[in-house]
Amino acid sequence: MTVAWTEATKDIAGTKMFFKRAGSGPTVLVLHRDIGTPDSLAFYDALAEKFDVIVSHHPGWGKSERAEWMRHPRDIAAMNAWLLTGLGVSDASLVGLGFGGWIAAEMASLAPTQYRRLVLVGSMGINPPDGYITDQALLSYLDYPRMGFHNEAAFTAIYGDVSIDQLEAWDLCREMSFRTAWKPYMYSQTLPHLLGGVQSPALIIHGDDDRIVPISASHVYAKALRNATMTVVAECGHCAEMDQPAAVAKLITQFVAS
Amino acid sequence: MHLMYFTEQPMSAYDAKAGLDYGATALMFPNSNFNSNEGSRLYNEYLEQYIYAEEVGIDGIMLNEHHNAPFCMQARANMFAAMLAAATKRVKIVMLGNPLPLWENPVQLSEELAMIDMVSKGRLVSGFVRGGGQEQLANGVNPAFNRERFQEAHDLIIKTWTQPGPFRWEGTHYQQRVVNPWAVPMQKPHPRIWIPGVISKETIVWAAQNGYPYIALNTPVERTRQIWDMYDKAAAEVGIKGGPEYHGLLKQIHVAETEEKALENARQFMWMQGEFTGLAHPVWSTPAGYGSPENRRAFAEFSTGRSTSPRYRPAIEQQLKDLMVIAGTPKQVIAKIKLLLEETRPGILSFWANDGNVTHQDSMTCIRLLGQEVFPAVREIAKELGLQSPFEANTPVSVRYMNKNQQLAAE
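Below you will find a few notes about this structure.

Reading the values: rules and limits
Counting of residues starts from 1 at the beginning of each chain's written sequence and follows it residue by residue. Going through the entries in the order they are written, you letter the chains from A and number the ligands from 1. Owing to the predicted nature of the model, reporting of local features is limited to residues with pLDDT of at least 70; listing and counting of side-chain atom pairs is limited to 80 or more, with chain, interface and lining totals taken over all residues. Strands here are runs of E lasting at least two residues and helices are runs of H or I lasting at least four, both read from the DSSP assignment and numbered beginning at the N terminus. What the globule rule says is 2.2 Å times the number of residues to the power 0.38, and the radius of gyration is computed from C-alpha atoms. Buried residues are those with 20 or more other C-beta atoms within 10 Å of their own C-beta, exposed residues have 12 or fewer, and partly exposed residues lie in between; C-beta atoms are placed from the backbone. Here, residue contact means that the backbone-derived C-beta atoms of the two residues sit within 7 Å. Nonpolar core, as used here: buried Ala, Val, Leu, Ile, Met, Phe, Trp, Tyr and Cys residues forming one set through C-beta atoms within 7 Å. Axis geometry follows a simple rule: fit a line to the C-alpha atoms, using only the stretch in contact for helices, then measure angles between N-to-C directions, giving values from 0 to 180 degrees. Roughly parallel means an angle under 35 degrees; roughly antiparallel means over 145; roughly perpendicular covers 65 to 115; every other angle is labelled oblique. Helix crossings are classified by the rotation of the near helix relative to the far one: an anticlockwise turn of less than a right angle makes the crossing left-handed, while a clockwise turn makes it right-handed. For this classification, the nonpolar set comprises Ala, Val, Leu, Ile, Met, Phe, Trp, Tyr, Cys and Pro, the charged set comprises Asp, Glu, Lys and Arg, and every other residue, Gly included, is treated as polar. By definition, two strands form a pair when at least two bridges between them are found by DSSP. Think of it like this: strands point away, you trace from the first strand over the helix to the second, and a clockwise trace means the crossover is right-handed. By definition, a residue's bend is the angle between the axes fitted to the seven residues ending there and the seven starting there.

Moving on, we come to the overall build of chain A. Counting secondary structure elements, chain A contains 10 helices and 8 strands. The C-alpha atoms of chain A give 16 Å as radius of gyration, which agrees with the globular expectation for 258 residues (18 Å, within 12%). With respect to the principal axes defined by its C-alpha atoms, chain A has extents near 40 × 40 × 40 Å. Across the 258 residues that make up chain A, the buried fraction comes to 50%. Partitioning the contacts of chain A with sequence separation of at least 6, the portion at a separation of at least 24 is 76%.

Pasting the structure below:
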């Protein structure tokens, strides 16, 4: 089935924020990764079969303008919350992917009853008690995204030989990651203390071969959120929605629809 | 002409094979390969070489710093500057320079520099740099704000040096609720500031707009001339006539008793360029957000091995031919420096004379020959070519003091 996506921008905090939207039903806001997002994904299409799906581009990533003043994922969280308000959506579910998971968790911690469901996929934002979040500053633009996949074929199917345009886009994504999450790298020291207030039911998803975020971080999320369940996806890397799109879409669809 | 002596202070006494096997020696090459006993020997040899360079007639000693790498042992340029302030009597102590973005408190840097200036009785030249990419990573400093931090730290230091405290600083990257250091420079309005660099257009233009001499770091002849064009155009816009007194050049120049020995030692310059050990992965030396936005696409290509490095340097033989490296007996070297000065016309020339595994004895011989034969000849050539240093031309320390200097000269 072909899903018809629309594209639009909205003025948020003096910045033009880009988003794509498709489907109908309960609203799901997808918060993308530190490496941005491809224009289209089978995973997005699968969600759009059941839900009104919004995929925003974080300010400075992809097609959204940069907010020069932005310094922390909490700023990105506030801007995404503003986007939902601006669109008149009051009961969205959040699906946060990796770095986007951190943003989703920040949104939920600041508005504990606001969101219907919270889904965190290999989420950053927590300092893992066992292991470290992989430092992309030490890896090439090719090696870091590749490390996010268990299945090389899945990486190739999405990114192909990796165009120069894509490499340039990843450089921009990396710069934005540094501008917002440099130190401490990719986690918050205060977030773990604030998760206990979140009322939304939460689903924590983690790939069994995630080489970017140690699974211990997801265990912390699962414990800190009062109403969370955790699922480990087999033969799956950090970029779970691209590595195992069908399995991850099914898990999320069932959870959000429940 | 202002002549300077420079060495990277290499920590060459490590297992070269381990470096080769690792593939890159800047940032991540394990420091278990560092030998502190050898480090102690080398630090003391370098100090001895600097003092000897003053004895044989050098005008300035150029210092710099790098981190996490064997190619440079100076982790804090101010340390050697402080030692030299006490151990020397005449030479300028030329910092090229302190990497401003690495400092969390620029006011403290202004204090350290002021102390060096006072102990040396006003011999400090305080150059500032952005610091290489690896330096940001080695110090946990955000590369995406490198240029902003450079600019703001500079502004704060200049204010600290030139305006009475206490005052308050509420900037984007630095907030100091009380700025009132009691250590301020002896030189007024403040020590001269020279800006070294290699490739960044923004830095060249910024230096020119401030009226700070720009020191081209070991750039080829053609590139050097392009830099001066860019510099002089930007300087003219703020009312400064560029020229030699605003142009400095660092050049790899090794001299020995015989041509054979000089060429053998000159090969050690390739050590720095990574021929023997490799230096750093491109994303370490140019982390995202560190470089010029206009170079982003080209860098993305180069960093993934899809194009040639913009800093690629050819084999040593070609470099010798193109005056990128100069080596030989004093007579041979003088002839080549004459060509270099005619082609590039700097008022400041820094001799990057010894590197890699060049022995202490050969380094001392090189310095002796420079002092006995090369410096006097170069000074004569510079006179003939009208190449004046900023000191000889009495240029203002910056564009902000241009009119004041003109008034003083008139009086």
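So, on to the overall build of chain B. Scanning chain B from terminus to terminus reveals 17 helices and 11 strands. In terms of overall dimensions, chain B is globule-like: its C-alpha atoms have a radius of gyration of 20 Å, near the 22 Å expected for 411 residues. Dimensions along the principal axes, computed over C-alpha positions, put chain B at roughly 55 × 45 × 40 Å. Across the 411 residues of chain B, 49% fall into the buried class. For chain B, the share of sequence-separated contacts (at least 6 apart) that also reach a separation of at least 24 residues comes to 75%.

This part is about unusual backbone geometry. The linkage connecting K183(A) with the following residue, P184(A), adopts the cis geometry, with an omega of -5°. Relative to the elements of secondary structure, P184(A) occurs in the loop between α6 (164-181) and α7 (191-194). In the segment running from G165(B) into P166(B), the intervening peptide bond is cis, with an omega of -5°. At A13(A), a residue that is not glycine, the phi angle is positive and equals roughly 50°. Structurally, the position occupied by A13(A) is in the loop between β1 (6-12) and β2 (15-22). Residues other than glycine seldom take positive phi values, yet R345(B) does so here, at roughly 50°.

Facing 17 residues of chain B, the contacting portion of chain A comprises 15 residues. Every element with two or more residues in the side of chain B that touches chain A is listed here: α11 (282-285) and α12 (296-303) of chain B. For the side of chain B that touches chain A, the element with the most residues is α12(B), which contributes 5 residues.

M4(B), Y5(B), I61(B), I93(B), V94(B), Y214(B) and Y231(B) are the most contacted members of the largest nonpolar core, which has 90 residues in total. At 8 residues, helix α15 (residues 360-385) of chain B tops the list of elements feeding residues into this core. Not counting the four nearest positions on each side in its chain, Y214(B) is found in contact with I195(B), G197(B), I204(B), A207(B), A208(B), I227(B), Y231(B), Y246(B), H247(B) and G248(B). One finds M70(A), F99(A), V198(A) and L225(A) within the second-largest nonpolar core, a separate group that totals 74 residues.

Moving on, we come to the environment of W206(B). Note that W206(B) resides in helix α7 (residues 201-210). For W206(B), a count of 19 C-beta atoms within 10 Å puts it in the partly exposed group.

The next point concerns the packing of helix α14 (residues 330-344) of chain B against α15(B). Residues and elements named next belong to chain B. Relative orientation of the contacting elements α14 and α15 amounts to 30°, with a least axis distance of 10 Å. Considering their axes alone, α14 and α15 lie roughly parallel with respect to each other. Between α14 and α15 lies a crossing whose hand is right-handed. Here α14 contributes P330, V333, I334, I337, K338, L341 and E342 to the contact with α15, which in turn contributes L369, E373, V374, A377, V378, I381, A382 and L385. Partitioned by chemical class, the residues of the contact of α14 with α15 number 12 nonpolar, no polar and 3 charged.

Our next topic: the pairing of strand β11 (residues 348-354) of chain B. Residues and elements named next belong to chain B. Extensive coverage of β11 is indicated by the burial of 7 of its 7 residues. Both strand β1 (residues 2-7) and β11 contribute to a ladder of 6 bridges, which runs parallel. Looking at β11, one finds that Y5 is bridged to F351. In this sheet, β11 lies alongside strand β9 (residues 247-255) in parallel orientation, the contact comprising 5 bridges. Bridging from a neighbouring strand, G248 pairs with I348 of β11.

Here we come to the sheet that holds strand β5 (residues 93-97) of chain A. Residue and element names in this part refer to chain A. With mixed pairing, 8 strands are arranged side by side in an open sheet as β1-β2-β4-β3-β5-β6-β7-β8. Taken across any chain shown, the strands that pair with only one partner, and hence form the sheet edges, are β1 and β8 (228-233). Within the sheet, the average angular offset between the axes of one strand and its neighbour, ignoring direction, is 20°. As defined by bridge partners, strand β3 (residues 27-31) adjoins β5 across 4 bridges and the pair is classed as parallel. Pairing of V30 across the sheet is with V95, part of β5.

Here the focus is the pairing of strand β8 (residues 214-217) of chain B. Residue and element names in this part refer to chain B. Looking at chain direction, strand β7 (residues 195-197) and β8 are connected through 3 bridges and run parallel. The partner of I195 across the bridge, within β8, is Y214. What joins β7 to β8 is α7, and the crossover it makes is right-handed. As paired elements, β8 and β9 share 4 bridges and run parallel to each other.

To continue, consider α15(B). All names here are of chain B. For α15, the principal kink sits at L370 and spans about 45°. All buried positions along α15 are accounted for by S363, C366, I367, L369, L370, V374, F375, V378 and A382. Backbone geometry just downstream of α15 places G386 in the positive-phi region, at approximately 70°.

At a minimum axis separation of 9 Å, α6(A) and α12(B) run at an interaxial angle of 105°. Between α6(A) and α12(B), the crossing angle belongs to the class labelled roughly perpendicular. From α6(A), I164(A), L167(A), E168(A) and D171(A) reach across to α12(B), where they touch R296(B), R297(B), A300(B) and E301(B). Taken together, the residues of the contact of α6(A) with α12(B) sort by class into 3 nonpolar, no polar and 5 charged.

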